[in-house]
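A look at the structure
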Amino acid sequence: MKYVLVTGGVVSGLGKGITASSIGVLLQSCGLRVTCIKIDPYLNYDAGTISPYEHGEVFVLEDGSEVDLDLGNYERFLGCTLTRDNNITLGKIQQQVMDRERRGDYLGTTVQIVPHVTDAIKEWVERVAMIPVDGKEGPPDVCIIELGGTIGDNESRPFTDALSQLSYSVGPENFCLIHVTLVPVLSVVGEQKTKPTQHSVRDLRGLGLTPNIIACRSTKVLEENVKAKLSRFCYVPMQNILSLHDVHNIWHIPLLLKKQKAHEPISKVLKLAGMAKEPSLEKWASMVEICDNLHVQVRIAVVGKYTDLSDAYLSVLKALMHASVAFGKKLVVDLVPSPDLEKTTKKEVHTYLNSCAYKAAWMLLKGADGVLIPGGYGNRGLEGKILAAKYARENNIPFVGICLGMQVAVIEFARSVLSLPDANSTEFKPETNHPCIVFMPEGSTTHMGGTMRLGSRRAYFHVKDSISARLYGNKEFVDERHRHRYEVNPDMAVCLEKAGLSFAAKDETGKRIEIVEVPSHPFFIGAQFHPEFKSRPGKVSPLFLGLIAAACGELDAVLTPVSIQQDNNQHVVLGNETRVDPINGFCNGTNKTSQKSVRQNSDLYLHQISMSSRRKLNPNP
């Protein structure tokens, strides 16, 4: 087995996950089979109970494990299906070691970090590295390991010790270390500074790990004299120093690596000459070119409470991008803070700031061609989400609600159509007289971690001519990933259906609601599952594709099989239905009413509101 270890230095958030994913794409294009492991050195067992403000979204795998968002990047870039074992945390290792100690596996021995914890880490890595993730038989050729955090962090020490031991035991021809660092440009001096990278490499060597390749993050292309200086002081060949400068689309990173011939030093270190061929990224380059040359915009409002951090909705944003590129439209996403949509925001003490935030949020919402409410937890911003669902339903704006977003749509429908102003979820108002959303009976009331309805579950279509069923190709059922502990109240299903809410899909029991629709609306769909977790650049989620098509006024193009097909470059080819208004450039069917002026005004309001002020107004996560 060949190992490629990706570490990070200087600061966190450099893009180690994208770098690791892009290296995987490059190696795949060389004909190699690749698997990935992400190491998170925190004591949490998994990412399931961590706030999105800490590490971004929680990604859910097919087997129901809640993991770091980087595993989502791996799956999207490499087209693989990972499992819970592809994510190692210090919490998992510690529990495993303690279980062994209690069983007596270490009987008579003092259990220590070295060798017991480090051995457990090495065993985990070597075992998982042999498991294929591409659906083929036999072990992969290369395992890419990403070590989370920053070199020098105290919590990472057991992992750096274990990986140092691993590099020694497998030999230098089977272990390649790529160190991702920051090369900042100080505005006063105006030159790229190498000292942070030099210190980071020194710290790395002090931990028993020697970098073979240094990948330098910078705002602009790394200068040749800077490469020479890094080579001289870090003892790394100049051709092994890569420039990972800022790009407007992360799909460019594999092409950037190929252009710099990053595969050559990797192949040389790992002695892959007899296994790897020259990289071929024609399809990937074609996809990037298509994305870069889109001009007709489609604007989607994503309404949530974590809008200060886009990583909280990373998979949703990527799924929207996949769908818009497939449909040949340039995506514009407006992140709308749901608390700002509430009337209480307008009336709060900080009158001027709140008034600006209220107006800006509503201008963004009203300027959108489609509305999406993603999953979430907690009651902050709930009423704002309900107002967004109400606006979309009453104004025939294409709408998709995911998980809590679907539950919000049901609550709004019960309040507005059934005239039940008290309708709510027992998650937010346990004493409500009209509980539209209730706690699932099998859920745990004492433990939070890993107790939700998680992973791939089957949803059976009960309304065969529903929009969602047609988007999924009129299949009998679909398998999608879930993450929830509340559900639509089965006892209220009959009255909701009589009022005009359609339950298009249910679980295998026929009682748990999976998809809701409003048949009288052009496109109003709520899904209890998370379709964004299975979206790929070459395999677009049907619900996201439907939202984009409906937002462009071209839903029939994706509902009629002869009108849409995917070519070898994985983008969608439309028939003659696609039309662009020659006057304003919008897709037919978009919300054209004063859209340019709305956007300009909302930008003006948003400029007046600093991030710090908004965090003070909404201190709770």
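Preceding block: the structure.
Described below are features of the structure shown in this document. Everything numeric in this text was worked out from a predicted model, so none of it was measured. (Residues numbered from 1 in each chain as written. Predicted model: local features only at pLDDT ≥ 70, side-chain atom pairs only at ≥ 80, totals over all residues. Heavy atoms only, no water.)

1. Observations regarding the overall build of the chain
Going by this rule: Secondary structure counts use DSSP, requiring at least four H or I residues in a row for a helix and at least two E residues in a row for a strand, with both numbered from the N terminus. Here's how the labels work: a residue is buried when its accessible area is under 20% of the maximum for its type, exposed when over 50%, partly exposed in between, all with a 1.4 Å probe on protein chains only. We call two residues in contact when some of their heavy atoms are within 4.5 Å. The method behind every accessible area is Shrake-Rupley, applied with a 1.4 Å probe, and residues are considered shielded solely by the protein chains displayed.
Counting secondary structure elements, the chain contains 22 helices and 23 strands. When the 621 residues of the chain are sorted by exposure, 57% land in the buried category. Taking the contacts inside the chain whose residues are at least 6 apart along the sequence as the reference set, 73% of them involve residues at least 24 apart. Summing over all exposed atoms, the chain offers an accessible surface of approximately 26,000 Å²; the carbon and sulfur share of this is 51%.

2. Remarks on the sheet that holds strand 20 (residues 513-517)
Quick reminder of the rule: Pairing between strands is defined by DSSP: at least two bridges between them are needed. In this description, a line fitted to the C-alpha atoms serves as the axis of each element, helices being fitted only across the stretch in contact, and the angle between N-to-C directions of two axes falls anywhere from 0 to 180 degrees.
If you trace the nine strands from one edge of the open sheet to the other, you get 11-10-12-13-21-20-19-16-17, paired in mixed fashion. Each edge of the open sheet carries a strand with a single partner, namely strand 11 (330-337) and strand 17 (477-484). Put simply, the sheet's adjacent strands are angled 25 degrees from each other on average, direction ignored. Along the sheet, helix 12 (residues 314-326) makes contact with strand 10 (297-304), strand 11 and strand 12 (370-373), crossing strand 11 at roughly 150 degrees. Running over the sheet, helix 16 (residues 404-416) touches strand 12, strand 13 (399-402), strand 20 and strand 21 (524-527) and is turned about 115 degrees from strand 13.

3. Concerning the sheet that holds strand 15 (residues 435-439)
In space, the three strands of this open sheet follow the order 14-15-18, with mixed pairing throughout. Looking along the sheet, the strands with just one partner apiece sit at the ends: strand 14 (424-425) and strand 18 (486-488). With three bridges joining them, strand 15 and strand 18 adopt antiparallel strand pairing. Within the sheet, the bridge partner assigned to Ile437 lies in strand 18 and is Val488.

4. Quick notes on the side chain of Thr150
With respect to the secondary-structure elements, Thr150 resides in the loop between strand 6 (142-147) and helix 6 (157-170). With sequence-adjacent residues up to four places away left out, Thr150 is seen in contact with Gly8, Gly9, Val10, Val11, Ser12 and Ser156.

5. Re the pairing of strand 8 (residues 213-218)
Counted only if it meets this: For the handedness criterion, the strands are oriented away from the viewer, and a crossover whose path from the first strand over the helix to the second runs clockwise is classed as right-handed.
Here strand 8 lies mainly inside the structure; five of its six residues are buried. Here strand 7 (residues 175-182) pairs with strand 8 via five bridges, running parallel. Paired with Ile178 across the bridge in strand 8 is Ile213. A crossover links strand 7 with its parallel partner strand 8, the connecting element being helix 7 (residues 195-206), and its sense is right-handed.

6. Quick look at helix 15 (residues 382-394)
Stated formally: Here a helix's expected span is defined as the number of its residues, less one, multiplied by 1.5 Å.
The end-to-end C-alpha separation of helix 15 is 18 Å, in line with the 18 Å expected for 13 residues at 1.5 Å each. Every buried residue of helix 15 is listed here: Leu382, Gly384, Lys385, Ile386, Ala388, Ala389, Tyr391, Ala392 and Arg393. Of the residues flanking the end of helix 15, it is Asn396, one or two places downstream, whose phi is positive at about 60 degrees.

7. Focus on the packing of aromatic side chains
What counts is decided by this rule: Note on aromatic pairs: the rings of Phe, Tyr and Trp (six-membered ring only in Trp) are paired at centre separations within 6.5 Å, and the planes decide the class, stacked below 30 degrees, edge-to-face beyond 60, tilted for the rest.
Applying the stated criterion across every chain, the model contains nine aromatic pairs. Considering the side-chain rings of Phe77 and Trp284, the 5.5 Å spacing of their centres and the 40 degrees angle between planes classify their relative orientation as tilted. Of this pair, Phe77 sits in helix 3 (residues 69-78) while Trp284 sits in helix 11 (residues 282-292), placing them 207 residues apart in sequence. Both residues of the pair, Phe77 and Trp284, belong to the buried class. For the pair Trp362 and Tyr391, a centre-to-centre distance of 6.2 Å together with 80 degrees between the ring planes defines the contact as edge-to-face. Of this pair, Trp362 sits in helix 14 (residues 351-366) while Tyr391 sits in helix 15, and the two are 29 residues apart along the sequence. In this structure, Trp362 and Tyr391 share a single accessibility class: buried. One aromatic cluster is present, built from ring pairs that chain together Tyr53, Tyr306 and Tyr313.

8. Some remarks on helix 3
Most of helix 3 sits inside the fold, with 10 of its 10 residues counted as buried. Positive backbone phi, approximately 65 degrees, marks Gly79, located one or two places after helix 3.

9. Quick word on the packing of helix 1 (residues 16-29) against helix 3
Convention followed: The cut-offs work like this: below 35 degrees is roughly parallel, past 145 is roughly antiparallel, 65 to 115 is roughly perpendicular, and the gaps in between are oblique. Here a crossing is called left-handed whenever its near helix is offset anticlockwise from the far helix by less than a right angle, and right-handed whenever the offset is clockwise. Amino acid classes used here: Ala, Val, Leu, Ile, Met, Phe, Trp, Tyr, Cys and Pro are nonpolar; Asp, Glu, Lys and Arg are charged; the rest, including Gly, are polar.
Contact geometry for helix 1 and helix 3: axes closest at 9 Å, N-to-C directions at 25 degrees. Classified by the angle between their axes, helix 1 and helix 3 sit roughly parallel to one another. Crossing handedness for the pair helix 1 and helix 3: right-handed. The residues of helix 3 that touch helix 1, namely those facing Gly17, Ile18, Ala20, Ser21, Ser22, Gly24, Val25 and Gln28, are Asp70, Asn73, Tyr74, Phe77 and Leu78. Of the residues assigned to the contact of helix 1 with helix 3, the class counts are six nonpolar, six polar and one charged.

10. Re the pattern of salt bridges
Here is the rule: We define a salt bridge as a side-chain nitrogen of Lys or Arg found within 4 Å of a carboxyl oxygen belonging to Asp or Glu.
A complete count under the given rule lists 30 salt bridges for this structure. Among the salt bridges present, the one from Arg33 reaches Asp134, with a minimum N-O distance of 2.9 Å. Taken as a pair, Arg33 in the loop between helix 1 and strand 2 (34-40) and Asp134 in the loop between helix 5 (113-129) and strand 6 lie far apart in primary sequence, 101 residues in all. As a salt-bridge pair, Glu412 and Arg393 come within 2.8 Å of each other at their nearest N and O atoms. In this pair, Glu412 is assigned in helix 16 and Arg393 in helix 15, connecting sequence segments 19 residues apart. Comparing Glu412 with Arg393, the two get one shared label, buried. Each of Lys38, Asp40, Asp68, Asp70 and Glu146 takes part in a single network of salt bridges with overlapping partners.

11. Thoughts on the side chain of Ser156
Position of Ser156 among the secondary structure elements: in the loop between strand 6 and helix 6. Residue classification places Ser156 among the buried positions, given a relative accessible area of 2%. Leave out the neighbours within four places in its chain, and Ser156 touches Pro41, Gly148 and Thr150.

12. Side note on the packing of helix 12 against helix 19 (residues 542-551)
Helix-helix packing is described using two parameters, namely the angle between the two axes and the distance between the axes. Direction vectors running N to C along helix 12 and helix 19 enclose 60 degrees, while the axes themselves pass 8 Å from each other. Taken together, the axes of helix 12 and helix 19 lie oblique to each other. Remark: the crossing between helix 12 and helix 19 carries right-handed chirality. Contacts between helix 12 and helix 19 involve Val316, Ala319, Leu320, Ala323, Ser324 and Ala326 on the former and, on the latter, Phe544, Leu545, Leu547 and Ile548.

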